[in-house]
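# Analysis of the macromolecular model
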Amino acid sequence: MRLRHIPGAEEEIAGSPYVIQNPREYRGRWALAFGNEDPVVIEVGMGKGKFLMELAAANPHINYVGIEMYSSVLLKAIQKRKETRLSNLWFLREDARTLADIFGFGEVDKIYLNFSDPWPKDRHAKRRLTSPEFMAVYDKILKAGGTVEFKTDNRALFDYSLESIPGAGWTVKMHTFDLHHSPYAEGNVMTEYETKFAGEGKPICKLIAGREAPLTV
């Protein structure tokens, strides 16, 4: 992914009151970062933050952590965050491969993956956020009974995920190839990309993965 560098982005991120600069210090004790024992939910690759900010506003008794590795994108999320009054949301500038160094075993209740980079070339498959390599990372931080929710407009990535996730020892509890025309559309919060793609008439795919028996629908 090529992104335009924004001069001064790193400096603003480093000085932002909405970004935790040393998240490894909270590993296993994120309750200290939030000042409460509420559930912790993360979004990996949060983009400009619309999705997570809406969730945080609607669910004040859930703690949210948005993870974004690209400075230019995180800066835009910080700018939007300034317009809100949320006490249950932190941002991190981190690579998802380091999540087990940031969160303790079973410390996360839910993980959102929204419109992740598809990394279409086979030699880059390990970089996909639904690859067995990343699922193994999530397994280290997700609590028993926790779930991973994944949305994408990329059918090839979704088909790959439907195979790779069970191959990593997880259960796909539900999936749909057209979220907005399915029973799962109720209560759906859209990301920036989702709003754009849905407006273009593109079907949105969604799945929920966990480690228990599948849901009966």
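Please refer to the structure higher up on the page.
Residues numbered from 1 in each chain as written. Predicted model: local features only at pLDDT ≥ 70, side-chain atom pairs only at ≥ 80, totals over all residues. Heavy atoms only, no water.

A few words now on the overall build of the protein. Of the regular secondary structure elements, the protein holds eight helices and seven strands. Relative to its length of 217 residues, the protein is compact, with a C-alpha radius of gyration of 17 Å against a globular reference of 17 Å. With the C-alpha coordinates of the protein rotated into their principal frame, the extents come out at 45 × 35 × 35 Å. Across the 217 residues of the protein, 47% fall into the buried class. (Helix = DSSP H or I, 4+ residues; strand = E, 2+ residues; numbered from the N terminus. Rg over C-alpha atoms; globule rule 2.2 N^0.38 Å. Buried < 20%, exposed > 50% of the residue type's maximum accessible area, 1.4 Å probe, protein only.)

Our focus in this paragraph is the pattern of salt bridges. Tallied over the entire structure, the rule returns twelve salt bridges. In this structure, Glu54 engages Lys50 in a salt bridge whose closest nitrogen and oxygen atoms are separated by 2.9 Å. Of the two residues, Glu54 and Lys50 are both situated in helix H3 (residues 50–58); the distance of four residues between them amounts to about one turn of the helix. According to the relative accessible area criterion, Lys50 is partly exposed, its value standing at 25%. Of the charged contacts in the structure, one is a salt bridge between Asp109 and Lys143, with a shortest N-O distance of 2.8 Å. Residue Asp109 is located in strand E4 (residues 108–114), and its partner Lys143 is located in strand E5 (residues 142–152); the two are separated by 34 residues in the primary sequence. (Salt bridge = Lys/Arg side-chain N within 4 Å of Asp/Glu carboxyl O.)

Within the secondary structure layout, Ile6 lies in the segment before helix H1 (9–14). Considering only alpha carbons, one finds Ile6 and Leu75, 69 residues apart in sequence, at a separation of 8.6 Å. Look past the residues within four positions of Ile6 in its chain and what remains in contact with it is Ser72, Leu75 and Lys76. (Contact = heavy atoms within 4.5 Å.)

With that settled, the discussion passes to the side chain of Ser16. Checked against the element boundaries, Ser16 lands in the loop between H1 and helix H2 (30–34). Ignoring sequence-local partners within four residues, the contact set of Ser16 consists of Gln21 and Ile78.

Turning our attention to the packing of aromatic side chains. Using the criterion set out here, one finds nine aromatic pairs in the structure. When the ring of Trp30 is compared with that of Phe34, the centres are 6.3 Å apart and the planes differ by 40 degrees; the resulting orientation is tilted. Within this pair, Trp30 and its partner Phe34 are both found in helix H2, separated by four residues, close to a single helical turn. Both residues of the pair, Trp30 and Phe34, count as buried. An aromatic cluster is present here, built from Tyr26, Trp30, Phe34 and Phe103 joined pairwise through their rings. For Arg127, the ring lying beneath its charged end belongs to Trp119, and the centroid distance is 4.7 Å. We note Arg211 situated over the ring of Trp170; from NZ or CZ to the ring centre the distance is 4.9 Å. (Phe/Tyr/Trp six-rings, centres within 6.5 Å; stacked < 30°, edge-to-face > 60°. Lys NZ or Arg CZ within 6 Å of the ring centre and 35° of its normal.)

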